[in-house]
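# Chains, contacts and geometry: an overview
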Amino acid sequence: MKYLLFLQQDSSAVADSLAMALEGETITLFDLFVEGGILMIPIFLLFMLSMYVIVERWMALNRSHTDTDRFLHSVEGMLKSGRQTDALAYCDDFDKPLARIIKAGIKRLGRPIRDIEDAIDNAGKKEIFFLEKRMNWLATIAGVAPLLGFTGTVTGMIEAFMDIQSLQGNVNPSELAGGIWEALITTAAGLMVGLIAFGFYNFLLGKINRSIFELENASADFIDLLQSPAPKKQA
């Protein structure tokens, strides 16, 4: 009889353990979000903002890519044949950073080369500003998100230790462990958002630097084109 009672108790313990395990396996992201506390809301908002900036900047940089050799060759042919108006219209139709920079130079044709260079430099600075638009948001998110996560963990640990003190140390270890892992959720979430933002910040910054390098080279080539001697007419 005692043996049967022991088996019954043992099977009940196993069933309870399986039930707890199954409950642990069915924890959803929403459950983790709720357990993480109020600071999960700003962390989630920072994640959504970082995704918006990443997608928007990626698409903008892809749209700004230009076949510089082909573009400059077309503009050179129009200018050498005296079709300045067609060159301006071609830049308007192209509607990309390089086209807007070259258009600023074409508008100054007939003036000293220094004036043309200044116009190109000013247009280039404007285009670089738009290429780097919102990148500071990603840098801020990469720094702020982990700090919010650490803040949530610290406040959660404070609450856990306050509970221990109020119960005079008579705390079930499993309950204490549960409170601790709940407090660590914000740290994990903040670090994940920070890593995503930091990684894509460096990736997009690399693409921006390459675009700036291409724009500077193309602008220099355009200035050289204007300073090259005109072809001699055959008698």
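Structure first, text after, so check above.
Remember, predicted model here, so these are calculated numbers, not experimental data.

### Examining the side chain of Glu127
Mapping Glu127 onto the fold places it in helix 7 (residues 113-131). Of note is the side chain of Glu127, whose polar atom sits 2.8 Å from the side chain of Arg100. In this structure Glu127 touches Pro97, Arg100 and Ile101, once residues within four positions along its chain are discounted.

### Re the nonpolar core
Counting residues in hydrophobic clusters, the biggest one holds 39 residues, and the most contacted among them are Phe71, Val75, Leu79, Ile102, Ile106 and Phe222. Elements supplying a minimum of two residues to this core: helix 3 (40-64), helix 4 (68-80), helix 5 (84-94), helix 6 (97-107), helix 7, helix 8 (135-166) and helix 9 (173-227). With 12 residues, helix 9 is the single largest residue contributor to this core. Filtering out sequence-adjacent residues up to four positions away, Phe222 remains in contact with Leu72, Val75, Leu79, Ile102, Gly105, Ile106 and Ile120.

### What to know about the side chain of Ser64
One can find Ser64 in helix 3. Residue classification places Ser64 among the buried positions, given a relative accessible area of 12%. Among the polar contacts made by the side chain of Ser64, one reaches the main-chain carbonyl oxygen of Leu61 at a distance of 2.8 Å. Not counting residues up to four positions away in its chain, the partners in contact with Ser64 are Lys96, Pro97, Leu131 and Ser211.

### A few points about the environment of Ser219
Along the polypeptide, Ser219 turns up in helix 9. In this structure the C-alpha to C-alpha distance between Ser219 and Ile101, which are 118 residues apart in sequence, comes to 7.6 Å. At a separation of 2.8 Å, a polar atom in the side chain of Ser219 contacts the main-chain carbonyl oxygen of Leu215.

### Observations concerning helix 4
Over its 13 residues, helix 4 runs 18 Å from end to end, which matches the ideal 18 Å to within 8%, given 1.5 Å per residue. Two residues or fewer after helix 4 comes Gly82, characterised by a positive phi angle close to 80°.

### Some remarks on unusual backbone geometry
The phi angle at Asp95 is positive, at roughly 50°, despite the residue not being glycine. Its place among the elements puts Asp95 in the loop between helix 5 and helix 6. You will see that Arg134, though not glycine, has its phi angle at about 70°, which is positive. Within the secondary structure, Arg134 sits in the loop between helix 7 and helix 8. Residue Arg134 is classed as buried on the basis of its relative accessible area of 18%.

Rules used throughout
Residues numbered from 1 in each chain as written. Predicted model: local features only at pLDDT ≥ 70, side-chain atom pairs only at ≥ 80, totals over all residues. Heavy atoms only, no water. Helix = DSSP H or I, 4+ residues; strand = E, 2+ residues; numbered from the N terminus. Polar contact = N/O pair within 3.5 Å; in protein donor to acceptor, adjacent residues only side chain to side chain. Contact = heavy atoms within 4.5 Å. Core = buried A, V, L, I, M, F, W, Y, C linked by side-chain atoms within 4.5 Å. Buried < 20%, exposed > 50% of the residue type's maximum accessible area, 1.4 Å probe, protein only. Expected span 1.5 Å × (residues − 1).

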